Amino acid sequence: MTIHAKPLARLVIDLDAVARNYLFLQKQLQLGADCAAVVKADAYGLGAAEISKTLFDQGCRHFFVAQFEEALEVKRALPPEKMPGNDFSVYVLDGPQGATAEDFETEGFVPVLNSPDDMARWTSSTRKRPAVLHLDTGMNRLGFSARETEKLAAEAEALKSFDIRYVMSHLACADDPNHAMNKAQLENFKALSAALGRPFRLSLANSGGMFLGEAYHFDLTRPGCALYGINPRPGIENPMQGVVTFEGSVLQTREIDRAGSVGYGAAYPVALGQKYAIISVGYADGYLRSLEGRGTVVIAGEKCPVVGRVSMDSIVADITQVQAQVHPGDAAEIIGEHQPVDDVAQQAGTIGYEILTGLGKRTKRSYRRTA
Ligand SMILES: *Cc1c(COP(=O)(O)O)cnc(C)c1O
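Attention in this report is confined to the structure presented alongside it. (Residues numbered from 1 in each chain as written. Predicted model: local features only at pLDDT ≥ 70, side-chain atom pairs only at ≥ 80, totals over all residues. Heavy atoms only, no water.)

1. Concerning the overall build of the chain
Working step 1: Looking only at helices and strands, the chain features 12 helices and 19 strands.
Working step 2: Counting only residues that meet the buried cut, the chain has 49% of its 371 residues in that class.
Working step 3: Across the chain, the fraction of contacts at a sequence separation of at least 24, relative to all contacts at a separation of at least 6, is 65%.
Working step 4: Summed over its atoms, the accessible surface of the chain is roughly 17400 Å², and 49% of this surface lies on carbon and sulfur atoms. (Helix = DSSP H or I, 4+ residues; strand = E, 2+ residues; numbered from the N terminus. Buried < 20%, exposed > 50% of the residue type's maximum accessible area, 1.4 Å probe, protein only. Contact = heavy atoms within 4.5 Å. Areas by Shrake-Rupley, 256 points an atom, 1.4 Å probe, with all protein chains shown as cover.)

2. What about empty space enclosed by the protein?
Empty pockets left among the atoms are what a rolling probe the size of a water molecule brings to light.
Working step 1: Under the criterion given, the structure shown has 2 cavities of 30 Å³ or more.
Working step 2: Of the pockets and cavities examined, the largest cavity occupies roughly 50 Å³.
Working step 3: Along the walls of the largest cavity sit Phe246, Gly286, Tyr287, Leu288, Leu291, Ile334, Ile335, Val344, Ile355 and Leu359, which together make up its complete lining.
Working step 4: Volume-wise, the second largest cavity comes out at about 40 Å³.
Working step 5: In terms of lining residues, the second largest cavity is bounded by His134, Leu135, Asp136, Thr137, Met139, Arg141, Leu142, Ser169, His170 and Gln185.
Working step 6: For the lining of the second largest cavity, the residue count by class is 3 nonpolar, 5 polar and 2 charged. (1 Å grid on protein atoms, 1.4 Å probe; cavity = no way out; pocket = protein on both sides within 12 Å on 5 of 7 lines; lining within 4 Å. Points joined across faces, edges and corners; volume = space filled by probe spheres on them. Nonpolar A, V, L, I, M, F, W, Y, C, P; charged D, E, K, R; others polar.)

3. A few points about the nonpolar core
Working step 1: Formed by 106 residues in total, the largest nonpolar core has its most connected members in Ile51, Phe63, Leu133, Val244 and Ile299.
Working step 2: Ignoring any residue separated from it by four or fewer positions in sequence, one finds Phe63 in contact with Ala37, Val39, Ser52, Leu55, Phe56, Val74, Leu78, Phe88, Ser89, Val90 and Tyr91.
Working step 3: Listed in part, the 7 residues of the second largest apolar core include Ile256, Val270, Tyr276 and Ile278. (Core = buried A, V, L, I, M, F, W, Y, C linked by side-chain atoms within 4.5 Å.)

4. What to know about unusual backbone geometry
Working step 1: Unusually for a residue other than glycine, Ala43 sits at a positive phi of about 55°.
Working step 2: Position of Ala43 among the secondary structure elements: in helix H2 (residues 40–45).
Working step 3: Accessibility expressed as a relative area gives 0% for Ala43, which makes it buried.

5. Overview of the site of the ligand
Working step 1: Taken together, 14 residues form the shell around the ligand, and within it Lys40, Tyr44, Ser207, Cys225 and Tyr353 come nearest.
Working step 2: Note that an oxygen atom of the ligand is positioned 2.6 Å from one of the side-chain N or O atoms of Tyr44.
Working step 3: The separation between an oxygen atom of the ligand and a polar side-chain atom of Arg141 is 3.4 Å.
Working step 4: In isolation the ligand offers 390 Å² of accessible surface; the protein chains occlude 93% of this area.
Working step 5: When atoms are counted within 2 Å of each cavity's grid points, the one that captures over half of the ligand is the largest pocket.
Working step 6: For the shell around the ligand, the per-class residue count stands at 7 nonpolar, 4 polar and 3 charged. (Near = heavy atom within 4 Å. Polar contact = N/O pair within 3.5 Å; in protein donor to acceptor, adjacent residues only side chain to side chain. Sits in = over half its atoms within 2 Å of the grid points.)

6. What about the layout of surface pockets?
Working step 1: Quantified by volume, the largest pocket comes out at close to 930 Å³.
Working step 2: As for the largest pocket, its lining consists of 42 residues, and the residues nearest its centre are Tyr44, Asn206, Cys225, Ile351 and Tyr353.
Working step 3: At the level of elements, H2, helix H10 (207–210), helix H11 (341–348) and helix H12 (352–357) are the ones that each hand at least two residues to the lining of the largest pocket.
Working step 4: Counting residues per element, the lining of the largest pocket draws most heavily on H11, at 4 residues.
Working step 5: Classifying every residue of the lining of the largest pocket gives 22 nonpolar, 13 polar and 7 charged.

7. What to know about the environment of Thr221
Working step 1: Within the secondary structure, Thr221 sits in strand E10 (residues 220–221).
Working step 2: What Thr221 contacts, discounting residues up to four positions off in sequence, is Leu29, Asp34, Cys35, Ala36, Ala205 and Met210.

8. Overview of the pairing of strand E18 (residues 331–335)
Working step 1: With respect to burial, E18 is a largely interior element, 4 of its 5 residues being buried.
Working step 2: Both strand E15 (residues 296–299) and E18 contribute to a ladder of 2 bridges, which runs antiparallel. Looking at E18, one finds that Val298 is bridged to Glu333. (Pairing = 2+ DSSP bridges.)

9. As for H11
Working step 1: Restricting attention to buried positions, one finds in H11 the residues Val341, Val344, Ala345, Gln347 and Ala348. The buried residues of H11 occupy one face: seen down the axis, they fall within an arc of 160°.
Working step 2: Those residues of H11 that are buried are in contact with E15, E18 and H12.
Working step 3: The first or second residue beyond H11 is Gly349, which carries a positive phi of 75°. (Arc of directions from axis to C-beta.)

Worth remembering: the numbers are spatial, not functional.
In structure tokens, the structure reads:
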């Protein structure tokens, strides 16, 4: 028997928008600086294979992931005749962990060395293994501390046993151009990398960092969120194109004929004559419970407030004001052209990154090319 499923939710990724975002970011760079793509966490939930392939076709040759398994996925997605290490690079931000050094080497992945321990893990007596050296410049997350960096600088031989592709650091406040931390980290980065004694290629900027000026660009930038349409400069008009459309369907409509309440906890009172649509998306789909009383969905081109508790499989939208007749099966936009991911994140009290990485556990992604 053939099953003709008609999905009740759609998650559509516009690969051409991703490609245009990449080219737009790359255009911000001076000649000589390369633009990588950060595709960790399954490309922020949008599909690392498809995104990597799309960006490779646009000329991207540098891919950052967090973990070894993610690196494998990127490699598998790229043309099999292309070799990591030669034709493109896959950098593993978590360092040479989660697989043996031999596995990293066999696959041709480049670990980011975040600590003296990482360095010890990646040392080889027979060959100069490729690596990215990560210096902490103020975030105090991953990376060599100032003292560890000084120590490294003093024993110049230690670095010579690696093929250091880049020296990198990561900005803590790049999304806020006015934050004093940016300049402080930039100066730290220059001083610490200079102290290493050799001119290394350098990498500092994530998406936000790319918009802090050329001084932050160095040799390689590492945008993630901006590729996926998240505004790298919140509060200023978003220069990036939206990539994600996430829609649910109206399962049922109801007009209240007996005053009462809607949803779990009987938390939202309803009055006679009000109209509601029950939408096929809930927290199991990444629609956060914190959107209760704050979220909106777009039905028939009109923004409708989400009322009552967010359930596992459904939400309730107030359609009392919608002019058009609303029917079961009608689309309800959760994220899309009327409400970009950043708006939904703001409603939920979180950031676009968390919204995107939470999507799609139940909904199959589909990919669209607009051009
Ligand atoms: C995630 C990450 C990035 C990408 O950051 P965005 O803000 O998404 O552009 C860049 N560098 C490092 C080290 C990261 O962990």
